[in-house]
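As a plain string of letters, each chain reads:
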Amino acid sequence: MTYQITLRKRAIKALARINEPHYSQIKQSIYGLAKNPRPLGCKKLKDRNGYRIRIGDYRVIYEIYKKVSR
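The rules we used
Residues numbered from 1 in each chain as written. Predicted model: local features only at pLDDT ≥ 70, side-chain atom pairs only at ≥ 80, totals over all residues. Heavy atoms only, no water. Core = buried A, V, L, I, M, F, W, Y, C linked by side-chain atoms within 4.5 Å. Buried < 20%, exposed > 50% of the residue type's maximum accessible area, 1.4 Å probe, protein only. Helix = DSSP H or I, 4+ residues; strand = E, 2+ residues; numbered from the N terminus. Contact = heavy atoms within 4.5 Å. Pairing = 2+ DSSP bridges.

Caption draft 1: Layout of the nonpolar core. Formed by Tyr-3, Leu-15, Ile-18, Ile-26, Ile-30, Leu-33, Tyr-51, Ile-53, Ile-55, Val-60, Tyr-62 and Ile-64, the largest nonpolar core amounts to 12 residues. Looking at this core, the elements with two or more residues in it are α2 (22-32), β2 (51-55) and β3 (58-62). Apart from residues lying up to four places away in sequence, Ile-18 is in contact with Tyr-23, Ile-26 and Tyr-58.

Right under this line is the structure:
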């Protein structure tokens, strides 16, 4: 099952400020979540819904929705 990736405007702006090679690594990891939303090393967040993955010195926080109403 492939998931759809949706980025918030705030996340897009934050990504735009990150220099290479970190930008490419983060972008690749984010889009990799479409095929595997719980990769090795992901952690469930406490006190809120969602997960996080680390890419170098950066953290990506995301939520997984099984069904999205259209």
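Caption draft 2: Structural context of the sheet that holds strand β1 (residues 43-44). In spatial order, the strands read β1-β2-β3; together these three strands make up an open sheet with antiparallel pairing. Two strands in the sheet have a free side with no partner beyond their single neighbour: β1 and β3. Looking at chain direction, β2 and β3 are connected through five bridges and run antiparallel. Looking at the pairing, Arg-54 lines up with Arg-59 of β3.

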